[in-house]
Amino acid sequence: MFSKILIANRGEIAVRIIKTAKRMGIRTVQVYSEADAGSLAVEMADEAILIGPAPAAQSYLLEDRIVEAVRRSGAEAVHPGFGFLSENPVFARRLEAENITFIGPNPHAIEAMGDKITSKKFAAEAGVSTVPGHMGLIETTEHAVQIANEIGYPVMIKASAGGGGKGIRVAHSDDDMAEGFAAVKAEALNAFGDDRVFLEKFIVNPRHIEIQVLGDKHGNIVHLFERECSIQRRNQKVIEEAPSPLLDAATRRAMGEQAIALARAVNYDSAGTVEFVAGQDKSFFFLEMNTRLQVEHPVTELITGVDLVEQMIRSAAGEKLAFSQDDLKINGWAIESRIYAEDPYRGFLPSIGRLIRYEQPEEGPQDGPGGPYVVRNDSGVREGDEISMFYDPMIAKLCAWAPTRAGAVAGMSRALEDTYLAGVGHNVPFLAAVMDQDRFRSGELSTAYINDEFPDGFHGVPAGPLQRDILVATGMALHEIVSDQSGDPSDRIDWIVQLDREPVPVSLGYDDDEALILEVEDGERLLRLSEIDWRPGLAQFRAVLDDQPFTAEIKRVADGWDIRTRATRARVRVMTPRIADLYARLPEKVAADTSKLVLSPMPGLVVSIAVVPGQEVKTGETVAIIEAMKMQNILKAEHDGVVKSVGARAGDPVAADDVLVEFE
């Protein structure tokens, strides 16, 4: 076994590898860029070595810097994590030539399966069913349009060296293909250093299901069942679970056997994932094989009890698998929510900045209304860390395990409630909204789920009966606590709790246990609020409403409180009936007119400005392209007009809401 390994990655996955290495008694060396000098991974590792500036192309993607760090540290092996150099056969061969062990599959397997075009041909030769498409190289936009018409729209445009949801577009027409082909080639070159692109038929209403495989250097290969990864946004997985609510035992077995057959064909000898697109009728087609550890591997670990990072290390060290296929069983259900630094209320655009507050849910076994559950939170950042524009915006992978899927969903909902972030936009409210949806709870998923359920984007969720009661009770309790601590308690019983501009009459009292009793809406209902855990200064309010424990996020504002419970937000004010009557007479504030402005939707770099002053622009024409976190965002005109002024040029850094173009 190795005594020291080097981690050629950063963030959450670096922290994840360090934890397993420490448990195995292996020392770790963490390489880092200038942007990651104060990172959690650097703090946790036994040694750390600076390898370059913040951009990945000048640090984490430089093979020479990694090899030099191995030599300096005396590490015997390199774990590449995912992304960066993890699926680069040239890098794997370079390490092999330098007598450094690569903790991953052999270079031949990476080359055969890591390249999406080659893997399609390889799978077809191995008898694995594949999606119709064009696997040859495509040099021009005109050629791409021609092929797309032969395949038939809709067609998916994919970077051959792609991964992580980047370098993918779906085209529904020739115009989509012409624009998307150029964009995918640009993204692929920027993110992976390889602009090759291929096309394949887009399966309507599909599900994304993948099989985890694991092999050693002695010819032993097993699969660890499936993961359902259908909840995606812009082809980026958002919520994953294991097992899949779609599969039956026969389909699971068939998919597992195909995955193992493909792995055997390339003598696979590490952790890897065979991805399938599945129809709602349980038909399935090979998509690609990821020759690395997957982001969503924790859900597989939770249902099998197998540490995949440990198995990768043991396989690389030449050990045999300690278990067979018959030893592996599915135990319970696990769900993973990817928490990103992005603003769901602004089209999920990346959000960068300092993580001012980060309160994580308690990990380990928990008890909840849905029964027992287990929380796991894989995070690479801490309170006070910077979310950089140079890397993926992931903050954490929050996981919940329970004996049943319903229990796992309930556990995830509570874990999301107990997560608090401030300083950057984040998608926790959106994740909570999905957990509460009847469709998600039924397991009726597809890769179009988010587009189907949120066609106009995410704007929060209107308060249902439970959320409304939580907002009313929390607002009333906050008012009472603050009034009491300020030395100005009131003996008043009757109040108006205003939710945004909706008045809710409340009569206040206490029972013998000092629980708050609220008589709501003229005595129609009684609410009992107990076990209140809050004091001024805390951002989370915890209590039990009747028999329902909950956590609400709160923020003090001039005339009340901003309160969020799961995906519902409201401005909550507590007033006397007289003040509430006067307040209702105030006019509502009118939003500023920005219809003639094209604003930067996020912090980033201007790739190009496609218009000049005086130019006539038609609806739908591209106005500008902004890049952040390795993704290009195309901004289009929302109406016809003439350009009055241009506020930025290619190469300029911009902040969110900076004016890029103004129309007359």
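Let us look at the structure shown here. (Residues numbered from 1 in each chain as written. Predicted model: local features only at pLDDT ≥ 70, side-chain atom pairs only at ≥ 80, totals over all residues. Heavy atoms only, no water.)

## Considerations on the packing of helix 1 (residues 11-23) against helix 11 (residues 308-316)
Contact pair helix 1 / helix 11: the axes reach a minimum separation of 9 Å and the direction vectors enclose 65 degrees. In terms of orientation, helix 1 and helix 11 fall into the roughly perpendicular class. As helix 1 packs across helix 11, the resulting crossing turns out to be right-handed. Seen from helix 1, the contacting residues are Arg 16, Ile 17, Thr 20 and Arg 23; seen from helix 11, they are Leu 308, Val 309 and Glu 310. Among the residues forming the contact of helix 1 with helix 11, the class breakdown is three nonpolar, one polar and three charged. (Axes fitted to C-alpha atoms, helices over the stretch in contact; angles between N-to-C directions. Helix = DSSP H or I, 4+ residues; strand = E, 2+ residues; numbered from the N terminus. Parallel < 35°, antiparallel > 145°, perpendicular 65-115°, else oblique. Left-handed = near helix turned anticlockwise from the far one by under 90°. Contact = heavy atoms within 4.5 Å. Nonpolar A, V, L, I, M, F, W, Y, C, P; charged D, E, K, R; others polar.)

## Looking at the environment of Phe 225
Looking at where Phe 225 falls in the secondary structure, it is placed in strand 11 (residues 221-233). Separated by 28 residues in sequence, Phe 225 and Arg 253 have C-alpha atoms that sit 8.4 Å apart. For Phe 225, the contacting residues outside a window of four places in its chain are Glu 210, Ile 211, Gln 212, Arg 252, Thr 304, Leu 328, Lys 329 and Ile 330.

## Digging into the sheet that holds strand 40 (residues 659-663)
Across a sheet, strands are paired by hydrogen bonds formed along the backbone, either parallel or antiparallel in direction. Within the open sheet, the four strands sit side by side as 33-40-38-35. Their pairing is antiparallel. A single partner strand is all that each edge strand has here, and the edge strands are strand 33 (597-599) and strand 35 (616-617). Bridge count for strand 38 (residues 641-646) against strand 40 is three bridges, and the pairing is antiparallel. Counted as the bridge partner of Ser 645 is Glu 662 from strand 40. (Pairing = 2+ DSSP bridges.)

## Focus on the pairing of strand 1 (residues 4-7)
Going residue by residue along strand 1, you find Lys 4 and Leu 6 tucked away on one face and Ile 5 and Ile 7 tucked away on the opposite face as well. The β-α-β motif built from strand 1, the intervening helix 1 and the parallel element strand 2 (residues 27-33) has right-handed crossover chirality. Two strands pair when backbone bridges link them, and strand 1 and strand 4 (residues 77-79) are joined in this way by three bridges, in the parallel orientation. Considered in strand 4, the bridge of Ile 7 is made with His 79. (Buried < 20%, exposed > 50% of the residue type's maximum accessible area, 1.4 Å probe, protein only. Right-handed = clockwise from strand over helix to strand, strands pointing away.)

## Some details on the packing of aromatic side chains
Taken as a whole, this structure holds twelve aromatic pairs when the rule is applied. A ring pair is formed by Phe 276 and Phe 284, whose centres lie 5.3 Å apart and whose planes are at 90 degrees; its orientation type is edge-to-face. Here the two residues Phe 276 and Phe 284 agree in accessibility, since each one is buried. Cluster of aromatic residues (ring-pair linked, three or more members): Tyr 345, Phe 348, Phe 430, Phe 454 and Phe 458. Just above the ring of Phe 440 sits the side chain of Arg 405; from NZ or CZ to the centre is 4.8 Å. A cation over an aromatic ring shows up here: Arg 492 above the ring of Trp 495, its NZ or CZ 5.8 Å from the ring centre. (Phe/Tyr/Trp six-rings, centres within 6.5 Å; stacked < 30°, edge-to-face > 60°. Lys NZ or Arg CZ within 6 Å of the ring centre and 35° of its normal.)

## Section: the side chain of Asn 9
Within the secondary structure, Asn 9 is located in the loop between strand 1 and helix 1. Here Asn 9 falls in the buried class, since its relative accessible area comes to 3%. Reaching out from Asn 9, the side chain makes a polar contact with the backbone oxygen of Pro 80 at a distance of 2.7 Å. Setting aside its immediate chain neighbours within four residues, Asn 9 contacts Ala 14, Gln 30, Val 31, Tyr 60, Pro 80, Gly 81, Phe 82, Gly 83 and Phe 84. (Polar contact = N/O pair within 3.5 Å; in protein donor to acceptor, adjacent residues only side chain to side chain.)

## Brief notes about helix 10 (residues 297-304)
In an α-helix, one turn spans 3.6 residues, which is why side chains three or four residues apart end up on the same side. The element helix 10 is extensively covered by neighbouring structure, given that seven of its eight residues are classed as buried. Buried within helix 10 are the following residues: His 297, Pro 298, Val 299, Thr 300, Glu 301, Ile 303 and Thr 304. Just past helix 10, the residue Gly 305 takes up positive phi, approximately 75 degrees.

## A word on the pattern of salt bridges
Under the definition given, this model contains 61 salt bridges. The partner of Asp 657 in a salt bridge is Arg 346, and the shortest N-O contact between them spans 2.9 Å. With Asp 657 in the loop between strand 39 (653-654) and strand 40 and Arg 346 in the loop between strand 16 (342-343) and strand 17 (349-350), this residue pair connects regions lying 311 residues apart in the sequence. With relative accessibility at 33%, the residue Arg 346 sits in the partly exposed group. Across the pair Arg 468 and Glu 502 runs a salt bridge whose closest N-O atoms are separated by 2.5 Å. Of the two residues, Arg 468 is situated in helix 16 (residues 465-485) and Glu 502 in strand 26 (residues 502-510); the sequence distance between them amounts to 34 residues. (Salt bridge = Lys/Arg side-chain N within 4 Å of Asp/Glu carboxyl O.)

## Here's the deal with helix 13 (residues 428-436)
For helix 13, a buried count of eight out of nine residues is recorded, marking the element as mostly surrounded by other parts of the structure. Of all the residues in helix 13, the buried ones are Val 428, Pro 429, Phe 430, Leu 431, Ala 432, Ala 433, Val 434 and Met 435.

## Some thoughts on the packing of helix 12 (residues 405-417) against helix 13
With their axes 10 Å apart at the nearest point, helix 12 and helix 13 run at an angle of 155 degrees to one another. If you check the angle between helix 12 and helix 13, you find them roughly antiparallel. Seen along the crossing, helix 12 lies across helix 13 with a hand that is left-handed. Residues Val 409, Met 412, Ser 413 and Leu 416 of helix 12 lie in contact with helix 13, whose contacting residues are Val 428, Leu 431, Ala 432, Met 435 and Asp 436. Each residue belonging to the contact of helix 12 with helix 13 can be placed in one class, and the counts come to seven nonpolar, one polar and one charged.

## Let's talk about the environment of Val 238
With respect to the helices and strands, Val 238 occurs in strand 12 (residues 236-242). Sequence spacing of Val 238 and Glu 336 is 98 residues, and the spatial spacing of their C-alpha atoms is 8.3 Å. Setting aside anything within four residues of it in sequence, one finds Val 238 in contact with Ile 231, Gln 232, Arg 233, Glu 336, Ser 337, Arg 338, Phe 430, Leu 431 and Ile 450.

## Comments concerning the sheet that holds strand 4
An order of 3-2-1-4-5 is seen for the five strands of this open sheet, with the pairing classed as parallel. Since the sheet does not close on itself, it has two edges, and those belong to strand 3 (47-52) and strand 5 (101-102), each with one partner.

## Remarks on the nonpolar core
By size, the foremost hydrophobic cluster in this structure holds 40 residues, and its most contacted members are Ile 239, Ile 335, Ile 395, Phe 430 and Phe 440. Elements that contribute at least two residues to this core include exactly strand 12, strand 15 (333-340), strand 21 (371-379), strand 23 (394-402), helix 12, helix 13 and helix 15 (449-453). The leading source of residues in this core is helix 13, at seven residues. Core analysis: the second largest hydrophobic core is formed by 35 residues, Ala 21, Val 295, Ala 316 and Leu 321 among them. (Core = buried A, V, L, I, M, F, W, Y, C linked by side-chain atoms within 4.5 Å.)

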